[in-house]
Amino acid sequence: MSDVLESPCFREEALRIGGEQVHTGRRFDVLNPYNGERVGSVAMASVEDVRRAMDIAQAYQPRLTRYERSAILNRAAALLRERTEAGSDLITAESGLSKKDSVYEIGRVADVLNFGANEALRDDGQVFSCDLTPHGKRRKVITTREPLLGVITAITPFNHPMNQVAHKVVPSVATNNRMVLKPSEKVPLSAYWFADLLYEAGLPPEMLQVVSGDPREIADELITNPHVDLITFTGGVAIGKYIAAKAGYKRLVLELGGNDPLIVMDDADLDKASDLAVQGSYKNSGQRCTAVKRMLVHQKVLADFTERVVAKTRAWTYGDPMDRRNEMGTVIDEAAAAHFQRVVDDAVVQGARLLVGNRRDGALYSPTVLDRVRPEMTVVREETFGPVSPIIGFKDIDEAIRLSNGTAFGLSSGICTNRFDDAARFARELKVGSVNLWEVPGYRIELTPFGGIKDSGLGYKEGVQEAIKSFTNCKTFSMPW
Ligand code: NAD
């Protein structure tokens, strides 16, 4: 017997293959990043297990009507809302995210389900008349969207243990596809819990199977299995590019890293801007692909803005994730926290000034603000997937745009100005997937298009509507009319 304590939400999980719970000979533990308790033990899939799931998915032909798909998704949303506490406790236990963050996440997942249910009812076919040109004919072309012929592989990251999964599973259900999901091995329990909720709501188990294990062992099979038509991946750039190189002739949706700026112009209301800065930097422990990773601030207001951000950072409560008074819990694990500390220490050695934070206790890492950073420092150039925000001054809008576009990423951005001409210029010239005026870069609703360009993605978006487009083939039918 080990002396590690078991969490109150301990779960012993098996793979979900073809409607069965499959216990394999090998297992791995999931530990609570805050207190080290065992939150779960999960079966590890072999390559054979993955192949079997793919064969079952390929052989199954979903026949659910639009009404049935919509009803399943709405039922799952209702069950989820009833079980908000249990679901958010599990997210918090396995990820260290605060209860505030995990309750918010459950609400987002329910939104994804409801939007998916609505979209399932909406026929997005188009009708074209063909007698539009001198050589046209009296015919019509009607488009329909069909599920893929093959299977969808979904691979998800740790940062939103349930919502990342929902954004892949729900559009797949809404379109009558079959999906094999591999959640992050850091937070697999929320994914299994969510899959069970869908089965309970009536989802045929062949439409969603879940496998987990060591990615070094099973990831290649998930990418290259001949039944797979599409791989939808959210995670870091290195793995995204690995998948792109490996996948060959398969459709790819890649949602990769970000290095998003919050840009504060000299006319901005600094109280409002500094609120957005801290919320954008520290919510979800700074572990959002669209977290504020750089604060770009006009020189004229730099000192005043910095003072406000430092004061609000000091007031940002963090600690025990289950304590509802805390805004922030831990980051994903101690190794991640130690990495942030190292990156900040290095920046300080190179001349940056630490204004607040950079304290660590296990996987707890305090919200951190730095200034006097330079673009070539790792803390600016690379994505820091935690609550660290460097403040960088600029002299005019040209420099702000140049700095903003000066990294390999192109995910999102937030703009604080009331001057319409400046706002319009940012909207046109920032090389990113989203520009949010007076909002954090992470602002979105679950329905709207979301995703990046450059190293942040290939431009194919997520958000329920866009994912539905990626997950379907458009067929045209023409006839005399
Ligand atoms: P990660 O890239 O380390 O892991 C993501 C997933 O890839 C996990 O499920 C992991 O098991 C799997 N994986 C590992 N090796 C693999 C391989 N060889 N082939 C296929 N899959 C493999 O990412 P993470 O640390 O879980 O999440 C953080 C990253 O995700 C950050 O870079 C963040 O910006 C990014 N992210 C992007 C978005 C977006 O929408 N653009 C959203 C959230 C997170």
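None of these values were measured; they are calculated from a predicted model.

A.B. asks: What should I look at first to understand the side chain of Asp-371 in this one?
C.D. replies: By the element assignment, Asp-371 lies in strand β18 (residues 368-371). Accessibility expressed as a relative area gives 10% for Asp-371, which makes it buried. Within the structure, the side chain of Asp-371 is placed 2.8 Å from the side chain of Arg-353, a separation counted as a polar contact. Not counting the four nearest positions on each side in its chain, Asp-371 is found in contact with Ala-352, Arg-353, Leu-355 and Ile-391.

A.B. asks: What's the story with the domain arrangement of the protein chain in this structure? I'm lost.
C.D. replies: Reports of interface size often rely on the accessible area that becomes lost once the parts have come together. The domain architecture assigned to the protein chain consists of domain 1 (6-256 + 457-477) and domain 2 (260-444). One C-alpha centre belongs to domain 1, the other to domain 2; they are set 30 Å apart. In this assembly, 24 residues from domain 1 lie in contact with 27 residues from domain 2. Three residues stand out in domain 1 for area buried against domain 2, namely Tyr-34, Lys-100 and Phe-158, and they jointly supply 25% of the buried area on that side. Summed over the shared surface of domain 1 and domain 2, the number is 2 salt bridges. Our count for the domain 1 to domain 2 interface comes out at 9 residue pairs in polar contact (both at pLDDT 80 or more). Here the side of domain 1 that touches domain 2 takes 5 residues from helix α3 (residues 84-95), the largest share from any one element.

A.B. asks: It is not clear to me how helix α5 (residues 163-174) should be interpreted in this structure. Could you clarify?
C.D. replies: Every α-helix carries 3.6 residues per turn, so stepping three or four residues along brings you back to the same face. Under the 1.5 Å per step criterion, the end-to-end length of α5 is 16 Å for 12 residues, consistent within 8% with the ideal 16 Å. Of all 12 residues that make up α5, 12 are buried, and the element is covered over most of its length. Along α5, the positions that sit buried rather than exposed are Asn-163, Gln-164, Val-165, Ala-166, His-167, Lys-168, Val-169, Val-170, Pro-171, Ser-172, Val-173 and Ala-174. Once α5 ends, the next one or two residues include Asn-176, with phi positive near 65 degrees.

Reading the values: the criteria
Going along each chain's sequence as written, the residues are numbered from 1 onward. With pLDDT at 70 or above as the cut-off, local features in this predicted model cover only qualifying residues; side-chain atom pairs require 80 or more to be listed or tallied, and sums for whole chains, interfaces and linings still use all residues. Computation of side-chain values covers all heavy atoms of the structure but excludes hydrogens and water. Going along the chain from the N terminus, every DSSP run of H or I of four or more residues is numbered as a helix, and every run of E of two or more is numbered as a strand. Relative accessible area decides the class of each residue, using a 1.4 Å probe on protein chains only: under 20% of the type maximum gives buried, over 50% gives exposed, and in between gives partly exposed. We define a polar contact as two N or O atoms separated by no more than 3.5 Å, with the added condition that, inside protein, one atom must be a possible hydrogen donor and the other a possible acceptor, whereas residues neighbouring each other in sequence contribute only through side-chain atom pairs. A contact between two residues is defined here by any heavy atoms of the two lying within 4.5 Å. Start and end positions for the domains come from either an automated domain assignment or a database one. Buried area counts how much accessible surface, traced with a 1.4 Å probe, disappears from two parts once they are put together, with both parts' losses summed. Any Lys or Arg side-chain nitrogen found within 4 Å of a carboxyl oxygen on Asp or Glu counts as a salt bridge. Helix span is expected to be 1.5 Å times the residue number reduced by one.

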